[in-house]
Amino acid sequence: MRKVLFASMTLCCILLLVSCNNRVSYPVVEISQGLKDVVNNGAYYTYGDFHHGIAEVSTQSGYFGFIDMNGKEVVPCKYTLLYYEDGFYKFSTGRNIRYGSDRKWGVLDSLGREIIPEEYTDMDVFLAQRTIRMKMSDNSYIFYNLEGNNCYPFDENDDNIIIGTRGFIDKIVNYKSDKVVYRAIGSWSPGATLDSRNEHVGLVDSVGTEIIPQRFRAFSNYSDGLVVTWSGRFVGVWDIINRKEILPTEYTLIATNNDYFNEPILFEDKYFIAENNNGQRGVFDRTGKQIIPCKYSSLKFVNGLIYATRGGEQGVLDYEGNEVLPFRYDEVKISKNCIQAAKRQDDSYRWGIFSRTGKEMHPCTIKYMEEECEGLIAASKEGDLWGYYDTDGDLVIPEKFKSAGDFSGGLAAVWYDGERGYINRKGQSTFDK
């Protein structure tokens, strides 16, 4: 009987511990001898963060390439510029250091493979649409999918395609075709066609039945049956599947996370942000129901919470509009595992660490703090040396580095005692003999 009771109590304790510990657990990556040898032999001039098992390195002469976590060079140092964003590297091999229209760009995937040739003047990645947009020197665009295949053959006679100066593609179809260039397109469905007379536009279906009355100056941002309407001064939202207006055309902005119409209007297929004539923003669902009232000067969905500004101060809301972090901070960052917030004290910011429910884990006493990555936060108490805090607010790697990068793939690039190299989550480094 005692054994049964003890086993039952043990099981309950285990379940309690599991239920209380919802944070992501990150494994410790050991530093390989090969990586130590490369760093200690001074093979490269700089070392970047690891992404998907490779890290950017550069030579003394200013060329960039990649090494793996064993220190092996997997991509030769042949690039003059590399920028990592959203899982892709924007690259250039041109030697002119100044930015200009003559510089050409291409794209590498997360493993350092060239997937889009170096022929373009700029690029944008739209992960939600699985699309990479490359800009030509004449300001026209070519769209690729995330594998580097050219998308969207274009037919001028297709009634479901509208050509304009701005717009976005709703559906991704991977066509195997020759390269196609166009300025901008928008896809309207199901079967919706632009009807334009007297400088006003509406939408009709394939048999000419009216979907949206012809009383608007333009449309923007089709997304899963919703479209933004523009009267020339104000914007609203129509549901073209159910053929009804869900938000009247009396707002100054419809967006997801920014002020630009370069992405679909829905966030996670549920919500969008609208700004009223007084410059105050709120959140609405896809039926037009107001979820969060228009009383914030800025709103942004970040990692399952909402960053917000009210009265010049920043705070955090949940999706129901409840305050997670009160509006009394000068700057806020929301990550997957915590919230970081700063208040101005003695002419400088001081940062603190909070749980995602708003509980204070470390007071606002830290002068410099980077955003949390893989459960660790690069920070400097007074601005001279850097270390790492965990999301419980504890200093787990001492402040002894001249500079400290973000953890990625279990390692972080640091500068220690005049040398550049890597550390793991235990604080073990490539400098260790």
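As the structure is a prediction and not an experimental result, all values here were calculated from the model.

Analysis parameters
- Residues numbered from 1 in each chain as written.
- Predicted model: local features only at pLDDT ≥ 70, side-chain atom pairs only at ≥ 80, totals over all residues.
- Heavy atoms only, no water.
- 1 Å grid on protein atoms, 1.4 Å probe; cavity = no way out; pocket = protein on both sides within 12 Å on 5 of 7 lines; lining within 4 Å.
- Points joined across faces, edges and corners; volume = space filled by probe spheres on them.
- Helix = DSSP H or I, 4+ residues; strand = E, 2+ residues; numbered from the N terminus.
- Nonpolar A, V, L, I, M, F, W, Y, C, P; charged D, E, K, R; others polar.
- Polar contact = N/O pair within 3.5 Å; in protein donor to acceptor, adjacent residues only side chain to side chain.
- Contact = heavy atoms within 4.5 Å.
- Core = buried A, V, L, I, M, F, W, Y, C linked by side-chain atoms within 4.5 Å.
- Buried < 20%, exposed > 50% of the residue type's maximum accessible area, 1.4 Å probe, protein only.
- Pairing = 2+ DSSP bridges.
- Axes fitted to C-alpha atoms, helices over the stretch in contact; angles between N-to-C directions.

Visitor: Help me understand the layout of surface pockets in this model?
Guide: One simple way to see leftover space: roll a probe sized like a water molecule over the atoms. The space that makes up the second largest pocket amounts to roughly 670 Å³. Around the second largest pocket, the lining is made up of 19 residues, and of these Asn303, Lys336, Glu371, Glu372 and Cys373 lie nearest the centre. Secondary-structure elements contributing two or more residues to the lining of the second largest pocket are strand S1 (46-51) and strand S5 (81-85). Residues of the lining of the second largest pocket, tallied by class, amount to 4 nonpolar, 7 polar and 8 charged.

Visitor: What should I look at first to understand the side chain of Ser298 in this one?
Guide: You can see Ser298 is positioned in strand S25 (residues 298-302). Within the structure, Ser298 has its side chain in polar contact with the side chain of Thr309 (distance 2.7 Å). Every residue in contact with Ser298, bar those within four places of it in the chain, is listed here: Arg281, Tyr307, Ala308 and Thr309.

Visitor: Sorry, what's going on with the nonpolar core here?
Guide: One broad rule of soluble globular proteins: the nonpolar side chains tend to lie buried together. The biggest cluster of nonpolar side chains holds 14 residues, and the ones touching the most others in it are Leu35, Tyr44, Tyr47, Ile67 and Tyr422. The element best represented in this core is helix H2 (residues 33-40), accounting for 3 residues. Not counting chain neighbours up to four residues away, the residues in contact with Leu35 comprise Phe50, Ile67, Asp68, Met69, Asn70, Gly71, Leu411, Tyr422 and Thr430.

Visitor: Which parts of the structure should I look at to understand the side chain of His51?
Guide: Structurally, the position occupied by His51 is in strand S1. In contact with His51, other than residues within four places in its own chain, are Tyr84, Tyr89, Ser110 and Ser408.

Visitor: Would you mind showing me how to read unusual backbone geometry here?
Guide: Most of the time, phi is negative for any residue but glycine, and the peptide bond is trans. Look at His52: it is not a glycine, yet its phi comes out positive at around 55 degrees. Counting through the fold element by element, His52 comes out in the loop between S1 and strand S2 (54-58). By relative accessible area, His52 is classed as exposed at 53%. Unlike most non-glycine residues, Arg243 shows phi in positive territory, near 55 degrees.

Visitor: Which parts of the structure should I look at to understand the pairing of strand S36 (residues 395-401)?
Guide: The two faces of a sheet get side chains in turn, since along a regular strand they alternate between them. Relative to S36, strand S35 (residues 386-390) runs antiparallel, the two sharing 3 bridges. Bridge pairing in S36 places Tyr388 opposite Ile397. Hairpin connection from S35 to S36: 4 residues lie between these consecutive antiparallel strands, with Gly393 at a positive phi of about 90 degrees.

Visitor: Honestly, the sheet that holds strand S9 (residues 122-126) in this entry has me stumped. Any pointers?
Guide: Adjacent strands of a sheet form backbone hydrogen bonds with each other and so pair up, either parallel or antiparallel. What the 3 strands build is an open sheet, ordered S9-S10-S11; its pairing is antiparallel. With one partner strand each, in any of the chains shown, S9 and strand S11 (141-145) form the two edges of the open sheet. The sheet shows a mean angle of 20 degrees between the axes of neighbouring strands, direction not considered.

What is shown is where atoms sit, not what they do.
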